[in-house]
Protein chains: 4
Amino acid sequence: MSTQPKDVVADLPRVGVWLVGARGAISTCLAYGLAGICEGVLEPLGLCTERDPVARLPLVPLEGLVLGGHDVCTRSLTSSAAELVQTGVLRSELVEHAASRASDFEGRIRPGILDGPDVGGLDLDPRAAELGSRSPREQIAHVQADLAAFQEECALERIVVVNVSSTEAVSAAQPEWRSLEELEAALDAGKSQPASMLYAYAALDAGCAHVNFTPNRGAGAPALRQLAAARKLPHCGNDGKTGETLVKTVLGPMFPARALRVLSWQGYNMLGNRDGEVLRVESHKESKLQNKDEALRSILGDPGTHTHVGIDYVPSLQDWKTAWDYVHFEGFLGARMSLQFTWSGSDSALAAPLVLDLVRLSEYAARSGETGDMPHTACFFKAPLGGGTHDFHAQYRRLLEYVESHVG
Amino acid sequence: MSTQPKDVVADLPRVGVWLVGARGAISTCLAYGLAGICEGVLEPLGLCTERDPVARLPLVPLEGLVLGGHDVCTRSLTSSAAELVQTGVLRSELVEHAASRASDFEGRIRPGILDGPDVGGLDLDPRAAELGSRSPREQIAHVQADLAAFQEECALERIVVVNVSSTEAVSAAQPEWRSLEELEAALDAGKSQPASMLYAYAALDAGCAHVNFTPNRGAGAPALRQLAAARKLPHCGNDGKTGETLVKTVLGPMFPARALRVLSWQGYNMLGNRDGEVLRVESHKESKLQNKDEALRSILGDPGTHTHVGIDYVPSLQDWKTAWDYVHFEGFLGARMSLQFTWSGSDSALAAPLVLDLVRLSEYAARSGETGDMPHTACFFKAPLGGGTHDFHAQYRRLLEYVESHVG
Amino acid sequence: MSTQPKDVVADLPRVGVWLVGARGAISTCLAYGLAGICEGVLEPLGLCTERDPVARLPLVPLEGLVLGGHDVCTRSLTSSAAELVQTGVLRSELVEHAASRASDFEGRIRPGILDGPDVGGLDLDPRAAELGSRSPREQIAHVQADLAAFQEECALERIVVVNVSSTEAVSAAQPEWRSLEELEAALDAGKSQPASMLYAYAALDAGCAHVNFTPNRGAGAPALRQLAAARKLPHCGNDGKTGETLVKTVLGPMFPARALRVLSWQGYNMLGNRDGEVLRVESHKESKLQNKDEALRSILGDPGTHTHVGIDYVPSLQDWKTAWDYVHFEGFLGARMSLQFTWSGSDSALAAPLVLDLVRLSEYAARSGETGDMPHTACFFKAPLGGGTHDFHAQYRRLLEYVESHVG
Amino acid sequence: MSTQPKDVVADLPRVGVWLVGARGAISTCLAYGLAGICEGVLEPLGLCTERDPVARLPLVPLEGLVLGGHDVCTRSLTSSAAELVQTGVLRSELVEHAASRASDFEGRIRPGILDGPDVGGLDLDPRAAELGSRSPREQIAHVQADLAAFQEECALERIVVVNVSSTEAVSAAQPEWRSLEELEAALDAGKSQPASMLYAYAALDAGCAHVNFTPNRGAGAPALRQLAAARKLPHCGNDGKTGETLVKTVLGPMFPARALRVLSWQGYNMLGNRDGEVLRVESHKESKLQNKDEALRSILGDPGTHTHVGIDYVPSLQDWKTAWDYVHFEGFLGARMSLQFTWSGSDSALAAPLVLDLVRLSEYAARSGETGDMPHTACFFKAPLGGGTHDFHAQYRRLLEYVESHVG
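Within any chain, residue numbers begin from 1 and follow the written order of that chain's sequence. Key to labels: chains lettered from A, ligands numbered from 1, both in the order written. Residues qualify for local features only when their pLDDT is at least 70, as the model is predicted, and side-chain atom pairs are given and counted only at 80 or more; totals for whole chains, interfaces and linings, by contrast, use all residues.

Let's hear about the interface of chain A and chain B: which residues, and what values?
What counts as a contact here is a pair of residues whose C-beta atoms, placed from the backbone, lie within 7 Å. Listed as interface residues are 46 residues of chain A and, on the opposing side, 46 residues of chain B. Sorting the residues of the side of chain A that touches chain B by element identifies α1 (25–38), α10 (244–251), α11 (254–257), β10 (336–346), α14 (347–367) and α15 (392–407) of chain A as the ones contributing at least two each. Here the side of chain A that touches chain B is built from residues that sort into 29 nonpolar, 11 polar and six charged. When β10 of chain A meets strand β10 (residues 336–346) of chain B, the two strands line up antiparallel, connected through seven bridges. Residue S338 of chain A lies in a different strand from β10 of chain B, and its bridge partner there is S344 of chain B. Working definition: helices are DSSP H or I runs of at least four residues, strands are E runs of at least two. Numbering for both runs from the N terminus. Each residue gets one label: Ala, Val, Leu, Ile, Met, Phe, Trp, Tyr, Cys and Pro are nonpolar, Asp, Glu, Lys and Arg are charged, and the others, such as Gly, are polar. Strands are treated as partners if at least two bridges between them are detected by DSSP.

Outline unusual backbone geometry, listing residues and values.
Between G237 of chain A and N238 of chain A the backbone carries a cis peptide bond, its omega angle lying at -5°. Inspection of the secondary structure puts N238 of chain A in the loop between β6 (235–237) and α10. The backbone of A259 of chain D sits at a positive phi, close to 60°, despite the residue not being glycine. Tracing the sequence through the fold places A259 of chain D in the loop between α11 (254–257) and β7 (261–271). Its identity as a non-glycine residue notwithstanding, Q318 of chain D has a phi of 50°, on the positive side. Relative to the assigned elements, Q318 of chain D resides in the loop between β8 (306–313) and β9 (320–330).

An account of the sheet that holds strand β9 (residues 320–330) of chain C is requested, with residue identities and associated values reported.
Taken together, eight strands build an open sheet; the order of strands is β8(C)-β7(C)-β9(C)-β10(C)-β10(D)-β9(D)-β7(D)-β8(D) and the sheet is mixed. Two strands in the sheet have a free side with no partner beyond their single neighbour: β8 (306–313) of chain C together with β8 of chain D. Geometrically, the sheet is characterised by an average inter-axis angle of 10° between neighbouring strands, direction not taken into account. Direction of pairing for strand β7 (residues 261–271) of chain C relative to β8 of chain C: parallel, over a ladder of eight bridges. Opposite M270 of chain C, over in β8 of chain C, you have D312 of chain C as the bridge partner. On top of the sheet, helix α13 (residues 282–300) of chain C reaches β7 and β8 of chain C; it is set at about 150° to β8 of chain C, its chief contact. Here an angle of 0 to 180 degrees is reported between the N-to-C directions of two axes, which are lines fitted to C-alpha atoms, with helices fitted over the stretch in contact.

Give a detailed account of the domain arrangement of chain A, specifying residues and quantitative values.
Residues and elements named next belong to chain A. Domain start and end points were adopted from an automatic or database domain assignment. The domain boundaries assigned to chain A delineate domain 1 (15–240 + 349–407) and domain 2 (244–346). Summarising the inter-unit geometry, the C-alpha centres of domain 1 and domain 2 are found 26 Å apart. The interface is formed by 20 residues belonging to domain 1 together with 25 residues belonging to domain 2. Secondary structure elements with two or more residues in the side of domain 1 that touches domain 2: α14 and α15. Along the lines of polarity and charge, the residues of the side of domain 1 that touches domain 2 split into 10 nonpolar, six polar and four charged.

So what's going on with helix α6 (residues 136–154) of chain A? Which residues, and what values?
An ideal rise of 1.5 Å per residue puts 27 Å on 19 residues; α6 of chain A measures up with 27 Å between its terminal C-alpha atoms. Backbone geometry just downstream of α6 of chain A places A155 of chain A in the positive-phi region, at approximately 50°. What a helix should span is 1.5 Å times the count of its residues minus one.

Mind laying out the sheet that holds strand β7 (residues 261–271) of chain A, listing which residues take part and the relevant values?
Taken in spatial order, the eight strands of this open sheet run β8(A)-β7(A)-β9(A)-β10(A)-β10(B)-β9(B)-β7(B)-β8(B), and their pairing is mixed. Only two strands of the sheet have a single partner each, and these edge strands are β8 (306–313) of chain A together with β8 (306–313) of chain B. Ignoring which end each strand starts from, the neighbouring axes of this sheet average 10° apart. The strands touched by helix α13 (residues 282–300) of chain B within the sheet are β7 (261–271) and β8 of chain B, with β8 of chain B carrying the most contacts at an inclination of about 150°. Together, β7, β9 (320–330) and β10 of chain B form the strand contacts of helix α14 (residues 347–367) of chain B, whose direction differs from that of β10 of chain B by roughly 80°.

Give me the confidence of the model for chain A: which residues, what numbers.
Residues and elements named next belong to chain A. With 96% of its residues at a pLDDT of 70 or more, chain A shows a mean pLDDT of 92. Each residue carries a pLDDT score, the predictor's confidence in it, ranging from 0 to 100. Every residue in residues 1–9 scores below 50 in pLDDT, and together they form 18 contacts with partners more than four places removed in sequence or on other chains. Interface confidence in the predicted complex, given as ipTM, is 0.94; pTM for the same model is 0.95.

Can you tell me about the relation of the copies chain A and chain B, naming the residues and giving the values?
Copy-to-copy superposition: least squares on the C-alpha atoms, limited to residues that have pLDDT of at least 70 in both copies. Expressed as a screw transformation, the operator carrying chain A onto chain B has a rotation angle of 180° and an axial translation of 0.0 Å, and the superposed copies differ by an RMSD of 0.0 Å. These values place the two chain copies in the arrangement generated by a two-fold rotation axis. Taking the C-alpha atom as reference, chain A places F341 of chain A closest to the rotation axis, 2.0 Å from it. An overlap of 100% is found between the interface residues of chain A and their copies at the interface of chain B, pointing to a shared contact surface.

Describe the packing of helix α7 (residues 180–188) of chain B against helix α9 (residues 222–230) of chain B, and please don't skip the residues or the numbers.
All names here are of chain B. Put simply, α7 and α9 touch, their axes get as near as 8 Å, and they point 105° apart. Considered as vectors, α7 and α9 are oriented roughly perpendicular to each other. On α9, the residues that touch L180, E182 and L183 of α7 are A223, Q226, L227 and A230. For the contact of α7 with α9, a count of residues per class yields five nonpolar, one polar and one charged. Throughout this description, any angle smaller than 35 degrees is read as roughly parallel, any larger than 145 degrees as roughly antiparallel, any in the 65 to 115 degree range as roughly perpendicular, and the remainder as oblique.

This is the structure in structure tokens:
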């Protein structure tokens, strides 16, 4: 069966989007949503690249994007979609409408590599477990072979690899991550590495821009950033800023700007999708919580502030992430006041358009010969690779400045 | 009895702060808070002029400020303070500590002019009612005589007049407001004007910078802006952005930045202080609500957004303004999500430090020979005189840029 | 075309449910939900008559209910259903599943009588307007003819008439409502009456039990209660207690039980369905708000409590009624505390099962020869016909006692 | 110095209230509040025994109560009071007003016995640590000697011992708790026991009614209940139901009564007082959480409900317990809805009047010759000794029935 994309207009530049975690909720939302927009039955809400002024950049049109990817499970895209219909995130009309495009995408999903500490779920693809047990060099070669086949079969000008997989177990930083040379040696010596790093290595080494939408290690270590520099590629990450942390980094700067002292900021997150299930395991929860807390502390800048972030798995909420934050603060006269908010949003429907935005910005950066960690994408991430302020508005201004400097 | 301020260090430049509404909750908080900070028993929280980077401007020190003012009621400052202690806004230790300074201030409060449509409350000063019934030129002369006496008695280098009075009844725009010439003619002809405009006229004409912290007309009309230009004075307003509207203008820009469509934004405000009591009257509520709604609509920029702002008088809340906002929005895939927040803060304790910030910035601008509507103070107001964006972060950046350009 | 119900098991007793407002959201939910339960694809959630101990009464089985009704608009049930699917209240699978039963029901909907003050919406049935302009005796005869035809065609043992129509404009109490005799005379004289009273008259006079689920006048007036007594029929109402008021009457009793003084109770309701649209008109809003406020005040029993109930039309919320209540209370030492809640529920999905419960309880009461205002149904209503406590738990206990006394 | 209570009207029956944890926030609130009510400067809010119908019981008047107690720390009552003034729970006028009564009470506080696993805080009374290390029989004798001295010095007719101390570490149930005989043997053998059990033993054995307001073991074990029976004494507990759990048990029954299925009930508690500090230690948190969760699960009665209760220590909140609960539930048509609430109350000001209520009810029961676990007090406790429903309204009805049966 040919996976030649029937759904792409003939004379458009074709850009591949390789999704690591291609059967998950974000990828499913992305695939159906992209199809719906291309077929004109859905408005491009949530996509800042479709809205002035970012839309003024000469980005690849949405119609030019071709989807493929890896996953470690065998759940069909159709069943992922049915689940999201049940949850009220996807509409059944859209699923019917996009059936053909979805099936094309499904035809381009390959077994991925299972991260070492991950115990497989019920629907684990045995090939993923087998791949996960091979040597790192073999794993990289496998990923690169799939990318090469994708490029050839779909006649792609360029591929952007995006990691949207589940949160990995936290791993201690390894000495070989300090430089590309040391990492290469460790790979040669067969030392196993987090799956997210192998994907990043494979992508960059194969000439693909890389987006790490997860809190996983990805391409954040110096060794991989050197690889990106060596291959002259742009890449960005980590950990998409979709919901509660977004609101935190929007609201947080108000307090120092008004010279109000934040005494305590308590954040309670609840979610019920696979992400939530994985986060029940302490080792997986840790990296996520750290990013959420770090962003806030950096904005408030007061070591005396008491902060807390919790994530609880609440199955009935499914994809509807619900978070309650309580901010206790002190002002003039020592008056103690509070601000509390409840956020209720579909995590996957919030994430998917950001992934599309990042793919388009990465493809544009690659096409323009830009390299490195794309500081103009900081507003998309909980832990931007290039560091800098976590103040959302300052980050967003940086994106606007980038746009202005490129479209003059 | 001399009202010579015993509380000001001898060799400091003395700057007068003339509070229109000197017996109200904001003035009371300001007076006791300022005393507490000067005596070292209170931290200067809530004052951005005491915090880096704004504090780098060579502003008048807090110790150099001398308070005086007008009011239309006879309630003593001590009883206003006792009420705020009861409410939990002021601490009784502070009230005792600051008794001497407060008494000095009280000695410098004069009867003000009652706005025409205002019916006097129980504690109305009969002199204010009498003044309110005089011709506008006489009213102006009265105010100016009080300002002149204040300056002389307290040996002040400069006075900033701040309107912190209750919300006036909405008045239709008058033809004579279009130009200074026409206004002068109307004043000569004895045509009555809103009290807030007479105060602004008196202040600017007497060479004082003017801050309108209320939603009242103040110096916003072209005629009075021409007067400020003619006297080469800075002035700013209108309507201090203290609580729910502040949060709205902080959160609002997040939605367009993420290409999320706000379907509805409902805001319910409750408060129980005198401000709340006055706002029970529809004619007084109108101007306040308009500013609150306008700021949000301008940020969201989508005519299809359904918005609502309500203010209800809830006596038991006293000064603790409590507001609930519900934001219903739509994202990718048409997913409908919500963000709701509850704000609970002491309105007067939030307002008072902003007034001090604005006095210091106005005094500095006057001293520096700057004239006009002080666009760098937009972040302090619901309806900034110079217009421009309502996005709080963009407004605050403007203040930072002002600071940078002046302390370079 | 025969409307003989194909969907009713042959040997079951058949009970007719005549819905006044048969094309509205409550009726639509009821029709599809009932079908889903009968076909075994839906759990009977929300129905206390399906749960122990109420289920121990020998009630008519759900399979024995046959639906018919009146409406003043021409909107098809299918389009009402499509709207509720869009809103996320109904699932499209269920709509498909229940298509045949729904079509049977639709075949049994007749044009109703338009209430005098009601201006017709876009989809007004011209026959309803015409009927609304006839003499009251003619209107009653029309309704009774439809009821008789329903009974005959569907071979029904008994009919319960339920008013689930939109809120009528508030009407001043009329002198003729004081007694049946006076009402009969006024009807004879052709004096027009609220549609809800004509329906109640027609139903009771025709020997049908009557349920008034709306805040409309219904059968609450002495004249109609005398009619019910004369015909030896049970009837109940008014105004279904589905959401915010339910929570209020559950929470409210806690405060006096703990000797806590409620200083203020502010309630803000938002909804976006047709009910909300109608309530935008002040005259329609009034009766609804009164019931909501009255229930609370009666529970708290403190004339000093400040209460407020508001309803705002927020189109984007559609059927998802969202309400925020803020309770400010005082306890030992004069400490001031608060409890706030946000309720978010589908108003129609909450109402529909209560209607089914009431139909079954009314049918049982009629079958058992009970007459009058069914005090054991007080827990279903904001303004129970028989008065009494509004404390939900006390009301519910009364229902349990009724059950106990009947199933011994 | 004589501790003879000058503040008790001469001819009143004198009832002693012996507070275990006499220097804590609850005792401090109780002492100042009781003084304020007796002196007529405070309303008896929060006390259901001062409100109809419970007030119709011939209870000991508040003026007849004499306070004394044990504590393991040396913090003075005055400093506890100053802290609560700072927190906004106590008013400074009241503290001044009640200074003499408070000082009398302080004169009657004796060093208590430290629970084994408790590490002493900064202000630990070394005598308490010493007592904690003695044999259980010596500890009991010490407590009883203090009780005897209290009774004699203050000429008391009766003493009620109330445990309002901090949460103890959870201890595994011991075999000797099964019967009084076994417990006596274990005590003789010198086997150490939780402090709360030793207090309960000492109290009951000395003929005092006992109230366990804490989640500690107290008199809940069969051995101690046998002791109460043997001495013909009433006693009650455990774990005062003051805030979030109170609301849970008020709201919870609504869901089954409406046949709504609770999918998830998440409860997040935050507090910053000493109780909160102690609960940071997992072993101390456990017993508290179990009571909170158990009450809810028993009401909902659905094993499929997902529940969670958390308690976090948030120092800035001090005594102002703030809790957020999110209830996710399913109704007719499978519609998913939510109810969320935020509770904000002073935990000690909520607890103190309940303690007074319980003292009066216990004294009355003792005076009336009633023995055992006082089922009519279930509405005051998270884990009522006699078990039974957790439905607050059902529990409260039991209290009303008790009142009715006694005042006929």
